[in-house]
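Next come the chains, spelled out residue by residue.
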Amino acid sequence: MRNARLHAVLLAIVTATWMLPAAAAAEVPDAPTFHKDIEPIFQRSCQVCHRPNNMAPMSLMSYQETRPWARSIKNKVEVREMPPWHIDPKVGVQGFKNDRSLNEDEIATIAKWVDNGAPRGNPEDAPPPAELQEFGAWTIEPDVIVTSPLHTVPAEAGDWWGDYVVPSGITEDRYIQAIQTKAGDLRVVHHALTYAVTDPEAPLSDSSGDAFLNEYAVGKNADVYPEGTARLFEADSRVRFSFHYHSIGEEVTEQTELGMVLNPVGFEPDHILYSRQLGQAGELDIPAGQVTRHDGYAKMYLPGRLTGFQPHMHFLGTRQCLELIYPTGATEMVSCANFDFSWHIVYNYEDDKQPVYPAGTTLHVLSYHDNTEGNRGNPDAKNWTGGGSRGVDEMAFAWISWYDLSEEEYAAELEARKSATDND
Ligand code: HEC
């Protein structure tokens, strides 16, 4: 009890002190230029995708390539559609791995630059070219590679969302230490998510028993699990590849690979990492023309540590939040993220920001759907929509990644965080 309250306070302190430096560093130049002020931002937050032969429609590697897009760039960064990163920076825990989002000052700098006519400035101010990681290579040495079926993406077609389930060939329980998804052709794979299908009888459309494995995202390396933790791959599980393919004006046949580094048979980690669908709301009832909120709950019977959050809804989903309800009844909003079905982003907390919670904590998932004409993603605002697994049905759950802690570990972690805060 006492610990839970203490923890709620601690999380608040950690969050508050974290926010200060960002807010204090207010730096928007009066006359920003491309080479001096904009290029460094693009190198960090845009070029990983916006370069030749990659997923984004245009390259932002040079001034010449960027200039025609200036207006559009201002619009997309101001509404926080670009870079694709939809966590609400004003709510809950901040501090994520692979975070390329822009802060308020960077957005204001880009806006001012565009309003001033997008001047180039002095090429001598340009930063050295960014060292961008080459894709299409393994950054781990996989013991097992599971390959998706060949898929042909026509030259001209609407986007394709769909799943393939294939055998893994893994016949004993094994603990995964590192995992990577390697897209065959970066230009057509908008995203690829992989899951372990543990139920041998489960039909293609039923993912409720799946365990989330990995997300293919541009600029993301392999997931290497910290020492002492590992993810269980159950014997004879199959692998689900869940794709979003898009056409690029030429026909492309592609095949994506999932590579895993496995611990030896019989190995037992100190902590098993879980990643499951939790907090599915009961009956979804989304009347035409309305914005709705549905609530789902999942009780955690052991103390634990949250490592990641990934909202999951379909076309009508616009926002999802994750709250912790402590056994005392105190609540704490951990994260809120706007949702866009085009992007499936896993928000992994930085190690020292991962929320810890006591036994008996309930995860509360709040899902918002917008069934009005105003929602651009809405295929049909005239119809009632309910739950289901077809694309036109809706869903409302979160993929939650966590590991359980012993009571001693939980207490020790609280102590460690408390002294870290005291020393600030
Ligand atoms: C993770 C990859 C990724 C990153 C990072 C990214 N983009 Fe994009 N961007 C895309 C993709 C893919 C599209 C195509 C539309 C879509 O799928 O949403 C796009 C579309 C755009 C568009 C609209 C183009 C059009 O057709 O009108 C603009 C403007 C844009 N991005 C600017 C940026 C800027 C500026 C940044 C950095 C601050 C950035 N993007 C970071 C992948 C990315």
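Residues numbered from 1 in each chain as written. Predicted model: local features only at pLDDT ≥ 70, side-chain atom pairs only at ≥ 80, totals over all residues. Heavy atoms only, no water.

1. Structural notes on the overall build of the protein
Right, on to step 1. Scanning the protein from terminus to terminus reveals six helices and 22 strands.
Right, on to step 2. Along the first, second and third principal axes, the C-alpha set of the protein runs to 60 × 55 × 50 Å.
Right, on to step 3. Here the protein, with 424 residues, has 50% of them falling under the buried criterion.
Right, on to step 4. Put simply, 82% of the contacts in the protein that link residues at least 6 apart link residues at least 24 apart.
Right, on to step 5. As displayed, the protein has an accessible area near 19,600 Å², and 51% of this comes from carbon and sulfur atoms.
Right, on to step 6. Both charge centroids of the protein, one from 33 positive and one from 62 negative side chains, sit 5 Å from each other. (Helix = DSSP H or I, 4+ residues; strand = E, 2+ residues; numbered from the N terminus. Buried < 20%, exposed > 50% of the residue type's maximum accessible area, 1.4 Å probe, protein only. Contact = heavy atoms within 4.5 Å. Areas by Shrake-Rupley, 256 points an atom, 1.4 Å probe, with all protein chains shown as cover. Lys, Arg positive; Asp, Glu negative; His and termini not counted. Charge placed at Lys NZ, Arg CZ, Asp CG, Glu CD.)

2. Re the site of the ligand
Right, on to step 1. Around the ligand, the structure places 22 residues, and the nearest of them are Cys46, Cys49, His50, Met82 and His190.
Right, on to step 2. Between the ligand and His50 there is a distance of 2.7 Å, counted from a nitrogen atom to a side-chain nitrogen or oxygen.
Right, on to step 3. Between an oxygen atom of the ligand and a side-chain N or O atom of His190, the distance comes to 3.1 Å.
Right, on to step 4. Sorting the residues of the shell around the ligand by element identifies α2 (34–45) and α4 (70–78) as the ones contributing at least two each.
Right, on to step 5. Considering every element that reaches the shell around the ligand, the biggest residue donor is α4, with four residues. (Near = heavy atom within 4 Å. Polar contact = N/O pair within 3.5 Å; in protein donor to acceptor, adjacent residues only side chain to side chain.)

3. Brief notes about the environment of Val114
Right, on to step 1. Here Val114 is to be found in helix α5 (residues 104–115).
Right, on to step 2. Judged by its relative accessible area of 6%, Val114 is buried.
Right, on to step 3. Between the C-alpha atoms of Val114 and Ile140, which are 26 residues apart in sequence, the distance is 41 Å.
Right, on to step 4. If we ignore the near neighbours within four places in the chain, the residues touching Val114 are Ala70, Arg71 and Lys74.

4. Structural notes on the sheet that holds strand β6 (residues 211–216)
Remark on secondary structure: sheet strands pair via backbone hydrogen bonds, oriented parallel or antiparallel.
Right, on to step 1. If you walk across this open sheet you meet the four strands as β3-β9-β5-β6, and the pairing is antiparallel. Each edge of the open sheet is held by one strand with a lone partner, namely β3 (160–167) and β6. If you compare each strand with its neighbour and ignore which way they point, the axes differ by 20° on average.
Right, on to step 2. With eight bridges connecting them, β3 and strand β9 (residues 238–245) associate as antiparallel partners. Within β9, the position partnered with Trp161 by the bridge is His244. (Pairing = 2+ DSSP bridges. Axes fitted to C-alpha atoms, helices over the stretch in contact; angles between N-to-C directions.)

5. Focus on the pattern of salt bridges
Right, on to step 1. Under the definition given, this model contains 17 salt bridges.
Right, on to step 2. Among the salt bridges present, the one from Asp295 reaches Arg293, with a minimum N-O distance of 2.9 Å.
Right, on to step 3. Here the salt bridges do not stand alone but share partners, grouping Arg71, Lys74 and Asp115 into one network. (Salt bridge = Lys/Arg side-chain N within 4 Å of Asp/Glu carboxyl O.)

6. Some details on the coordination of the iron atom of the ligand
Right, on to step 1. The protein atoms that coordinate the iron atom of the ligand are His50 (NE2) and Met82 (SD), at distances spanning 2.0 to 2.3 Å.
Right, on to step 2. When its relative accessible area of 11% is taken as the criterion, His50 is described as buried.
Right, on to step 3. You can call Met82 partly exposed: its relative accessible area is 28%. (Donors = N, O, S within 2.8 Å, 3.2 Å for Na, K, Ca; no water.)

7. Notes on the domain arrangement of the protein
By convention, interface size is frequently given as the accessible area that disappears when the constituent parts associate.
Right, on to step 1. If you check the domain split of the protein, you get domain 1 (31–125), domain 2 (144–269) and domain 3 (275–419).
Right, on to step 2. Listed as interface residues are 17 residues of domain 2 and, on the opposing side, 15 residues of domain 3.
Right, on to step 3. The junction of domain 2 with domain 3 conceals about 1,400 Å² of combined surface from both sides, 54% of it contributed by carbon and sulfur atoms.
Right, on to step 4. Linking domain 2 with domain 3 are zero salt bridges.
Right, on to step 5. For the pair domain 2 and domain 3, the number of links is five residue pairs in polar contact (both at pLDDT 80 or more).
Right, on to step 6. Of all the elements in the fold, those that place two or more residues in the side of domain 2 that touches domain 3 are β5 (189–197), β6 and β8 (229–233).
Right, on to step 7. With four residues, β5 is the largest single contributor of residues to the side of domain 2 that touches domain 3.
Right, on to step 8. In terms of residue class, the side of domain 2 that touches domain 3 is made up of five nonpolar, eight polar and four charged. (Domains from an automatic or database assignment. Buried area = accessible area lost by both parts, 1.4 Å probe. Nonpolar A, V, L, I, M, F, W, Y, C, P; charged D, E, K, R; others polar.)

8. Brief notes about α5
Right, on to step 1. Taking 1.5 Å of rise per residue, the 12 residues of α5 would be expected to cover 16 Å, and the 16 Å separating its terminal C-alpha atoms lies within 8% of that figure.
Right, on to step 2. Taken together, the buried positions of α5 are Asp105, Glu106, Ile107, Thr109, Ile110, Ala111, Trp113 and Val114.
Right, on to step 3. Each element contacted by the buried residues of α5 is listed here: α2, α3 (63–66) and α4.
Right, on to step 4. The N-terminus of α5 is capped by Asn103, whose side-chain oxygen sits 3.1 Å from the backbone nitrogen of Asp105.
Right, on to step 5. The first or second residue beyond α5 is Gly117, which carries a positive phi of 95°. (Expected span 1.5 Å × (residues − 1).)

9. Quick word on unusual backbone geometry
Right, on to step 1. Omega for the peptide link from Met82 to Pro83 comes to -10°, which places this bond in the cis form.
Right, on to step 2. Assignment of secondary structure puts Pro83 in the loop between α4 and α5.
Right, on to step 3. Residues other than glycine seldom take positive phi values, yet Asn98 does so here, at roughly 60°.
Right, on to step 4. On the accessibility criterion, Asn98 (43% relative accessible area) is partly exposed.
Right, on to step 5. Phi angles above zero are rare outside glycine, and Ala118 is one such case at about 50°.
Right, on to step 6. Turning to its location among the elements, Ala118 is positioned in the loop between α5 and β1 (144–147).
Right, on to step 7. Exposure remark for Ala118: the relative accessible area of 1% places this residue in the buried category.

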